[in-house]
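# Summary of structural features
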Amino acid sequence: MPERAKVAVLISGSGTNMAALLYASRADDCPYEIVLVAANDPAAGGLKLAEAEGVPSFALSHMGMARADHDHAMDKAIRASGAEYVALAGYMRILTPEFVSGWQGRMLNIHPSLLPKYPGLHTHDRAIEAGDSHGGCTVHQVTAELDDGPALGQTAVTIIPGDTADTLAARVLIAEHQLYSRCLAALVSRGNSADWLLAEVRRRALALTETEERESHGAPGWRVGGKYFAHFADQHHGTPHIALLARTSGPDELDGLVESNPAAYFRPAYYGASGWVGVILNRSGLDWETVDEWLARSWRNVAPKRLTALLDAADAF
């Protein structure tokens, strides 16, 4: 099993969703571990549970602090714990865009409604008053807009005649405890999923000017002007790597890349002889900006001059 992803959980109160994440992480096949529970209220009940279970904790009251200063302190504690992901679990703070952007794609939250319905507070009252047949919960990635990030999963909960906000909330909470751990596990595992990695590479490759996808040697490849500039390799020829294959300037550069950073690059069978480098995708700490740079550079190496001239002209403005 790959090394478990390290997760920090932020709470403001009793921390029942934190507890659900924590106890789910005790399963042998769980792909994540909780390395920190942090709160903006030193009296938050969930801190005692974390400490009793041997999980490091951190607390800092936001009272009397500027929002940006408090977010900075929380971020510092999270990073010091070694966390790679952040899960908000009843964390009753609106986060600054700077805090959120530092964890783009790696911060998630659970909200007690079927988003995009009823962002914000009083979700159960609003669902009942609207006459909805179902309430529910949504796990989503966090963006600067409140409760507006891409959904990772939802569970619908039937609204029973005579339900109050409290009775509905109690059942939704049960659904939250089950949904959150599944979505967190899926999020931290996707870096080892060939399907997800391919979808990401495909989206980026096809965003480049006049590209097309065409299979090459049984694997996806991308062309411009009839020439291949990138291939996707899923553990081909016995390697453990899921990789983007991109063009370098030649064997000397390829050798230098592999020698200087073997955790990120390798010499692919067959393609390596022509100076193609394997950019390893299924690894911790992958920087997608680097992947974009390799795609753009490789595209430029084979694109017709009329296209590169247009880009050069656009860059000049």
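All values derive from a computational prediction rather than experimental measurement.

## Some points on the sheet that holds strand β11 (residues 242-247)
In spatial order, the strands read β8-β9-β10-β11-β13-β12; together these six strands make up an open sheet with antiparallel pairing. The strands lining the two open edges of the sheet, one partner per strand, are β8 (211-213) and β12 (265-266). Pairing of β12 with strand β13 (residues 276-280), which is carried by two bridges, proceeds in the antiparallel orientation. Bridge pairing in β13 places Tyr-265 opposite Val-279.

## Structural notes on the side chain of His-70
Residue position: His-70 is located in helix α3 (residues 67-80). Aside from chain neighbours lying at most four places away, what touches His-70 is Asn-40, Leu-60, Ser-61, His-62, Met-65, Tyr-91 and Arg-93.

## Describing the packing of aromatic side chains
Under the criterion given, the structure shown has four aromatic pairs. Pairing Tyr-271 with Trp-276 gives two aromatic rings, centres 5.9 Å apart and planes at 65 degrees, and the pair type is edge-to-face. Put simply, the rings of Tyr-270, Tyr-271 and Trp-276 pair up and form one aromatic cluster. Note that Arg-223 overlies the ring of Tyr-228, its terminal NZ or CZ placed 5.6 Å from the centroid.

## What about unusual backbone geometry?
Residues other than glycine predominantly adopt negative phi, and peptide bonds predominantly adopt the trans conformation. The linkage connecting Leu-115 with the following residue, Pro-116, adopts the cis geometry, with an omega of 15 degrees. Structurally, the position occupied by Pro-116 is in the loop between β5 (107-111) and α5 (123-129). Unlike most non-glycine residues, Glu-210 shows phi in positive territory, near 55 degrees. Among the secondary structure elements, Glu-210 is positioned in the loop between α7 (194-206) and β8. Phi is positive for His-217, close to 55 degrees, though the residue is something other than glycine. Relative to the helices and strands, His-217 is located in the loop between β8 and β9 (221-224). Among the residues examined, His-217 registers a relative accessible area of 60% and is labelled exposed.

## Focus: the sheet that holds strand β4 (residues 85-88)
In spatial order, the strands read β3-β2-β1-β4-β5-β6-β7; together these seven strands make up an open sheet with mixed pairing. Edge positions in the open sheet fall to β3 (57-59) and β7 (151-158), since each of these has one partner strand only. Direction aside, the axes of adjacent strands within the sheet are offset by 20 degrees on average. The pairing of strand β6 (residues 134-141) with β7 spans seven bridges and is classified as antiparallel. Paired with Gly-136 across the bridge in β7 is Ala-156. With respect to the sheet, helix α1 (residues 16-24) is in contact with β1 (5-11), β2 (32-39), β4 and β5, its orientation differing from that of β2 by roughly 155 degrees. α3 rests against β1, β2, β3 and β4 of the sheet, and its axis sits at about 150 degrees to β2.

## A word on the nonpolar core
Val-9, Tyr-32 and Ile-34 are the most contacted members of the largest nonpolar core, which totals 37 residues. Only β1, α1, β2, α2 (45-52), β4, β5, β6 and α6 (165-189) provide two or more residues apiece to this core. With ten residues, the single largest contributor to this core is α6. For Val-9, the contacting residues outside a window of four places in its chain are Met-18, Leu-21, Ile-34, Leu-36, Val-37, Ala-38, Ala-87 and Ala-89. If you look at the next biggest cluster of nonpolar residues, it comprises 29 residues, including Ala-205, Phe-229, Trp-288 and Ala-303.

## A short note on the environment of Thr-123
Residue position: Thr-123 is located in helix α5. With residues near it in sequence (within four places) discarded, Thr-123 still touches His-111, Pro-112, Ser-113 and Tyr-118.

## Some thoughts on the environment of Ala-24
Summarising the element assignment, Ala-24 is placed in helix α1. The class for Ala-24 is partly exposed, based on a relative accessible area of 25%. Distance from Ala-24 to Ala-264, taken between C-alpha atoms, is 31 Å for residues 240 residues apart in sequence. Discounting chain neighbours no more than four positions away, the residues touching Ala-24 are Cys-30, Tyr-32 and Ser-181.

## Section: α2
Of all the positions in α2, only Gly-46, Leu-47 and Ala-50 are classed as buried. Mapping the buried residues of α2 onto a view down its axis gives an arc of 105 degrees, with all of them on the same face. In α2, those exposed residues whose orientation departs by more than 90 degrees from the buried face are Lys-48 and Ala-52. Close packing links the buried residues of α2 with β1, α1, β2 and β3. Downstream of α2 by one or two residues, Gly-54 has phi in the positive range, about 80 degrees.

What counts and how
Residues numbered from 1 in each chain as written. Predicted model: local features only at pLDDT ≥ 70, side-chain atom pairs only at ≥ 80, totals over all residues. Heavy atoms only, no water. Pairing = 2+ DSSP bridges. Helix = DSSP H or I, 4+ residues; strand = E, 2+ residues; numbered from the N terminus. Contact = heavy atoms within 4.5 Å. Phe/Tyr/Trp six-rings, centres within 6.5 Å; stacked < 30°, edge-to-face > 60°. Lys NZ or Arg CZ within 6 Å of the ring centre and 35° of its normal. Buried < 20%, exposed > 50% of the residue type's maximum accessible area, 1.4 Å probe, protein only. Axes fitted to C-alpha atoms, helices over the stretch in contact; angles between N-to-C directions. Core = buried A, V, L, I, M, F, W, Y, C linked by side-chain atoms within 4.5 Å. Arc of directions from axis to C-beta.

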